[in-house]
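Chains, contacts and geometry: an overview
Chain residues, written in single-letter form:
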Amino acid sequence: MVIGSLNMDMVVRTQRAPEAGETLFGQDFALSPGGKGANQAVAAARLGAEVTMIGSVGRDGFGSELLEIMRGEGINTEYLTQSGNLGTGVASIVVDGEGENRIIVVPGANLELGVTDIQALETVIAGADMIVMQLETDLAMCEEAARIAGKHQIPLILNPAPARELSNEMLSHVTYLTPNETEAGILSGVEVSGMESAEQAARILLQKGVQNVIITLGSKGALIVNGDGSGHVHGFPVKAVDTVAAGDSFNGALAYQLTSGKPLAAAVRFANAVGALAVGRQGAIPSLPKLAEVERFIKEAEEEA
Ligand code: ADP
């Protein structure tokens, strides 16, 4: 079960970003579904997981389109509401000639899913095999969802993105925390660059009550740290085309593997392969692979090794 955000990404390509008061002609424009919650839900569903998503979109064209896309991926949309007063969340993304992004996210309807809404879904949440959550929605709602997961002993993957300050109470309900290096740095107060500092940050997060910390390290894969010790799981070498949704694909894949009963190290290795495939392709949701592609990719990588 994924609890999280759905956005419509509006991407404009331009040689350079305009100055204040300036109008420019851009090269092209694309609308694409996104939002960390939606990306992670689709990542898990494409691999074969049975996914239910809890979230909120606006009563507008973008909202209807996002619901349609989620349904098309086989995701249960029964608990995606389209009833509020705010418009569907959007991300306005300007990509310049150097490939630099300038992004403004307007969360809109994502913020309408509140504490009382999530409390009303307690029995639904209690029936899940695993909860996957990010931080692009209302923080008080996320805290309540974590508390409910803890109360019913449902394993919780929290991808703490974008990074926000989290209480030890909330962290104590987290079974798997999956920050990237920047997020691990913000959450722990340790500047993370490389394996040693990543492990140091992870140890601090374990002390705050998290059961397993998995720090994603871009092309270098991921570091697992828990009460049993720590282990580096190497990434798969690929030519990075577009790193959008790397973390999201990793989280969706991790959830799929863990709910399929795979041990943690094997699940992280598989998630690294999914992340590598996603960075090898353009876009967020369009870049997410199906199970057969991942299995082929891992087999080829093993044959080359
Ligand atoms: P985020 O996208 O959240 O910043 P990362 O950059 O750490 O997170 O990427 C998440 C995962 O995606 C990594 O753990 C790795 O498995 C995979 N990945 C990311 N970048 C690359 C890359 N350049 N080559 C291979 N795999 C990558």
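The following paragraphs examine the structure supplied in this document.

1. Thoughts on the environment of valine 11
Secondary-structure assignment places valine 11 in strand 2 (residues 7-13). Remark: the alpha-carbon pair of valine 11 and asparagine 272, spanning 261 residues in sequence, is separated by 27 Å. Dropping the residues within four chain positions of it, valine 11 is found in contact with Asp28, Phe29, Ala30, Ile93 and Val95.

2. So, the sheet that holds strand 7 (residues 101-106)
As summarised here, the arrangement of the 4 strands in space is 3-2-6-7, forming an open sheet in which the pairing is mixed. Bordering the open sheet on either side are strand 3 (28-34) and strand 7, each of which pairs with just one other strand. Geometrically, the sheet is characterised by an average inter-axis angle of 15° between neighbouring strands, direction not taken into account. With 7 bridges connecting them, strand 2 and strand 3 associate as antiparallel partners. Bridged to valine 12 within strand 3 is phenylalanine 29. Here helix 2 (residues 61-72) sits on the sheet in contact with strand 2, strand 3 and strand 6 (89-95), set at roughly 105° to strand 2.

3. Overview of helix 5 (residues 139-151)
Between its terminal C-alpha atoms helix 5 stretches 18 Å, which fits the 18 Å expected from 13 residues at 1.5 Å a residue. Listed as buried for helix 5 are Leu139, Met141, Cys142, Glu144, Ala145, Ala146, Ile148 and Ala149. Looking at the packing, one finds that the buried side of helix 5 touches strand 1 (2-3), helix 3 (115-120), helix 4 (122-126), strand 8 (131-133), strand 9 (156-158) and helix 6 (168-171).

4. Details of the site of the ligand
Lining the immediate surroundings of the ligand are 16 residues, of which Asn180, Thr216, Gly218, Gly221 and Asn272 lie closest. Notes on the ligand: free accessible area 550 Å², of which the protein chains cover 82%. Here the shell around the ligand takes 4 residues from helix 10 (residues 264-279), the largest share from any one element. Along the lines of polarity and charge, the residues of the shell around the ligand split into 8 nonpolar, 8 polar and no charged.

5. Quick look at the pattern of salt bridges
Taken as a whole and assessed by the stated rule, the structure comprises 10 salt bridges. Residue arginine 203 is joined to glutamate 199 by a salt bridge in which the shortest nitrogen-to-oxygen separation is 3.1 Å. Note that arginine 203 and glutamate 199 are positioned in helix 8 (residues 195-207) at a spacing of 4 residues, about one turn of the helix. The exposure class of glutamate 199 is partly exposed, given its relative accessible area of 25%.

Procedures and definitions
- Each chain has its residues counted from 1, following the order in which its sequence is written.
- A pLDDT threshold of at least 70 governs which residues receive local features in this predicted model, and a stricter bar of 80 or more applies before side-chain atom pairs are shown or counted, although totals over entire chains, interfaces and linings include all residues.
- Side-chain metrics in this entry use all non-hydrogen atoms of the structure; hydrogen atoms and water are not considered.
- Only DSSP runs of H or I covering at least 4 residues are called helices, and only runs of E covering at least 2 are called strands; the numbering of each starts at the N terminus.
- The contact criterion used throughout is that any non-hydrogen atoms of two residues lie within 4.5 Å.
- The criterion for strand pairing is that DSSP finds at least two bridges linking the strands in question.
- Note on definitions: angles span 0 to 180 degrees between N-to-C directions of axes, and those axes are lines fitted to C-alpha atoms, for helices only across the stretch in contact.
- For a helix, the expected span equals 1.5 Å multiplied by the number of residues minus one.
- Working definition: with a 1.4 Å probe on protein chains only, accessible area under 20% of the residue-type maximum means buried, over 50% means exposed, and in between means partly exposed.
- Here a residue counts as near a molecule or strand whenever at least one of its heavy atoms sits within 4 Å of it.
- Areas reported as accessible are Shrake-Rupley estimates using a 1.4 Å probe. Residue values count occlusion only from the protein chains shown.
- Classification convention: Asp, Glu, Lys, Arg as charged; Ala, Val, Leu, Ile, Met, Phe, Trp, Tyr, Cys, Pro as nonpolar; all other residues, Gly among them, as polar.
- The salt bridge criterion pairs a side-chain nitrogen of Lys or Arg with a carboxyl oxygen of Asp or Glu, the two atoms within 4 Å.

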